Amino acid sequence: METSAQTLTHDLVIVGGGLVGASLGCALAPLMERYGLRVAIIEAAPLPASPQHEAWQPSFDARASAIAEGSAERFRRLGVWSEMRREAAPIRHIHISERGRLGATRLDARDVNVEALGHVIPNAWMGRVLHRQLAEMEELALEWHCPARVERIAPVAAGHSLALSDGSELVAGLTVLADGGRSGLKEQLGIHSQAGDYAQTALIANVEVSQPHHGVAHERFTAEGPIALLPLAGNTMELVWTHPEGDEKARMDLSDGDFLVALQRAFGDRAGRFTRVSKRYAYPLSLVTAEETVRPGLAVLGNAAHALHPVAGQGFNLALRGVTDLVDALESSLSEGRVPGDMATLGAFDRKRARDRRSVVRFSDGLIRLFGAQWPLLPQARAAGLVGLNLAGPLRRDVARRAMGLER
Ligand SMILES: Cc1cc2nc3c(=O)[nH]c(=O)nc-3n(C[C@H](O)[C@H](O)[C@H](O)COP(=O)(O)OP(=O)(O)OC[C@H]3O[C@@H](n4cnc5c(N)ncnc54)[C@H](O)[C@@H]3O)c2cc1C
């Protein structure tokens with residue numbers, strides 16, 4: 001690829017049409033309308049509505065995500081919330097406990113005067129809604145390359161040039177990497193990441209319970225790792241069961257009946273009896289943070305910037321704050337006549353994001369380390385912490401606000 005100055009083909013190119021790239025595409029609509037921005041989205045996997053839907057990975061798979069109230073607000077701004085909420089189950093209480101200990105913390109929507117602390121939405125549904133919205137943006141200058149993979153990326157005077165697997169060569173003033181971080185593009189640009197392997201794997205499935213869940217989300221810490229149960233429609237709950245790496249294999253292979261017995265033993269009876277389990281999926285877990293998230297003509301968003309442990313359900317919520325902050329920064333820069341890839345704009349955007357990113361990474365990672373550690377007096381301290389947190393109104397409200405993705 002040439003690295004000299006080249007003519008811009010697009011003002012902004014989004015690499016990856018997963019949860020983050022598709023949300024950014026939707027969020028850009030007003031700017032495209034107002035400033036005539038030429039935008040392209042490049043997505044390697046076929047679209048969710050296509051016959052190969054089963055193969056649509058990794059954003060729009062069988063998982064469901066806990067969407068904080070702050071994210072619901074952002075989806076409202078993108079014009080997709082009324083559709084999203086059709087398949088959303090509200091979280092009215094969060095129950096945090098440790099197996100074998102007395103302490104427990106209950107966070108309640110009423111503590112913070114809201115109807116729901118968050119919502120659980122199937123990822124496949126979020127994908128459908130976002131992509132339907134993008135399809136309706138056809139009259140704007142939105143170009144799709146799908147399925148197509150960005151194979152090479154290099155800086156040029158005007159921004160970055162991108163070579164695609166469909167033979168196209170694009171030159172973008174601003175390139176947003178929303179590729180999930182596993183495509184090798186960051187590395188092509190010399191952007192390093194800090195990676196910490198949790199040596200854990202999340203086993204995901206839907207389970208049916210014998211009693212109504214009443215909108216309660218459970219976070220239960222066990223000696224093996226945390227178990228999260230999130231309310232879905234009816235008596236169904238989304239299970240995120242963390243295992244030491246390798247240990248999940250035996251559980252994946254169990255018959256449904258044996259699996260339900262093992263889950264009941266590990267989780268206890270708090271949510272009722274587990275009566276049915278869906279197909280199971282496994283996700284290796286790590287903490288990956290990119291060392292650089294902006295450069296002239298480049299921004300890194302979503303999992304490409306930060307892949308977190310899913311225990312606190314913060315990864316996409318954090319990413320969506322990045323999406324709307326980037327659009328706000330672009331808006332003010334365009335209104336002053338600056339181009340989208342301008343470093344002053346991106347630098348200011350990144351300084352704002354860095355604080356939020358650091359605090360969420362610390363929160364999710366700290367939770368895992370606190371409940372994963374085996375120091376002799378720690379279980380008592382954790383139990384006391386959970387009981388104490390339950391008694392301490394303002395602190396509990398703080399945690400609830402964080403769970404909702406609201407600024408503190
Ligand atoms: C088990 C689990 C549970 C989770 N639960 C929650 C939760 O409850 N709440 C929450 O907020 N977060 C949760 N998360 C985190 C959330 O899933 C991620 O933050 C989110 O999926 C990140 O989306 P993304 O678009 O950045 O990346 P991805 O989902 O990885 O999507 C990247 C897209 O880029 C495409 N792509 C890749 N390479 C290229 C290329 N070279 N060219 C073109 N396209 C390319 C891919 O096909 C893909 O569609 C969870 C994560 C896990 C693993």
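Read on for an overview of the structure.

The rules behind the values
Residues numbered from 1 in each chain as written. Predicted model: local features only at pLDDT ≥ 70, side-chain atom pairs only at ≥ 80, totals over all residues. Heavy atoms only, no water. Buried < 20%, exposed > 50% of the residue type's maximum accessible area, 1.4 Å probe, protein only. Helix = DSSP H or I, 4+ residues; strand = E, 2+ residues; numbered from the N terminus. Pairing = 2+ DSSP bridges. Core = buried A, V, L, I, M, F, W, Y, C linked by side-chain atoms within 4.5 Å. Contact = heavy atoms within 4.5 Å. Axes fitted to C-alpha atoms, helices over the stretch in contact; angles between N-to-C directions. Parallel < 35°, antiparallel > 145°, perpendicular 65-115°, else oblique. Left-handed = near helix turned anticlockwise from the far one by under 90°. Nonpolar A, V, L, I, M, F, W, Y, C, P; charged D, E, K, R; others polar. Polar contact = N/O pair within 3.5 Å; in protein donor to acceptor, adjacent residues only side chain to side chain. Salt bridge = Lys/Arg side-chain N within 4 Å of Asp/Glu carboxyl O.

1. Focus: the pairing of strand E7 (residues 118-122)
Taking burial as the measure, the 5 residues of E7 include 4 buried ones, the bulk of the element. Pairing analysis gives 5 bridges linking strand E3 (residues 64-68) to E7, with the strands arranged antiparallel. Paired with Ala66 across the two strands is Val120, which belongs to E7. In this sheet, E7 lies alongside strand E4 (residues 89-91) in antiparallel orientation, the contact comprising 3 bridges. Bridge assignment links Pro90 to a residue of E7, and that residue is His119.

2. Focus on the nonpolar core
In this structure, Leu24, Leu28, Phe75, Met84, Phe316 and Leu326 are the most contacted members of the largest nonpolar core, which totals 49 residues. The greatest single-element share of this core, amounting to 9 residues, is contributed by helix H9 (residues 315-335). Residue contacts for Met84: discarding those within four places in its chain leaves Phe75, Ile121, Trp125, Met126, Val129 and Leu130. By size, the runner-up hydrophobic cluster in this structure holds 20 residues, among which are Val15, Ile153, Leu162 and Leu298.

3. Quick word on the packing of helix H3 (residues 69-78) against H9
Running from amino to carboxyl end, H3 crosses H9 at an angle of 40 degrees, the nearest separation of the two axes being 10 Å. Classified by the angle their axes make, H3 and H9 are oblique. H9 is crossed by H3, and the crossing has left-handed handedness. Only Phe316, Asn317, Leu320, Arg321, Thr324, Val327 and Asp328 of H9 make contact with H3, whose side of the interface consists of Ser71, Arg74, Phe75, Arg77 and Leu78. Within the contact of H3 with H9, the residues separate by chemical class into 5 nonpolar, 3 polar and 4 charged.

4. A few points about the side chain of His145
Along the polypeptide, His145 turns up in strand E8 (residues 142-145). Of note is the side chain of His145, whose polar atom sits 2.7 Å from the side chain of Glu143.

5. Comments concerning the pattern of salt bridges
Pairing between side chains of opposite charge can happen when their charged atoms approach one another. For the structure on display, the rule yields 20 salt bridges. Its salt-bridge partner being Asp328, residue Arg77 comes within 2.7 Å of it at the nearest N-O pair. Pair noted here: Arg77 is in helix H3 and Asp328 is in helix H9, with a separation of 251 residues, a long-range link. Between Arg273 and Asp269 there is a salt bridge, with the nearest N and O atoms lying 2.8 Å from each other. Classification of Arg273 by relative accessible area gives partly exposed; the value is 46%. Through salt bridges that share partners, Arg321, Asp325, Lys352, Arg353 and Asp356 make up one connected network.

That's the geometry; what it means functionally is another story.
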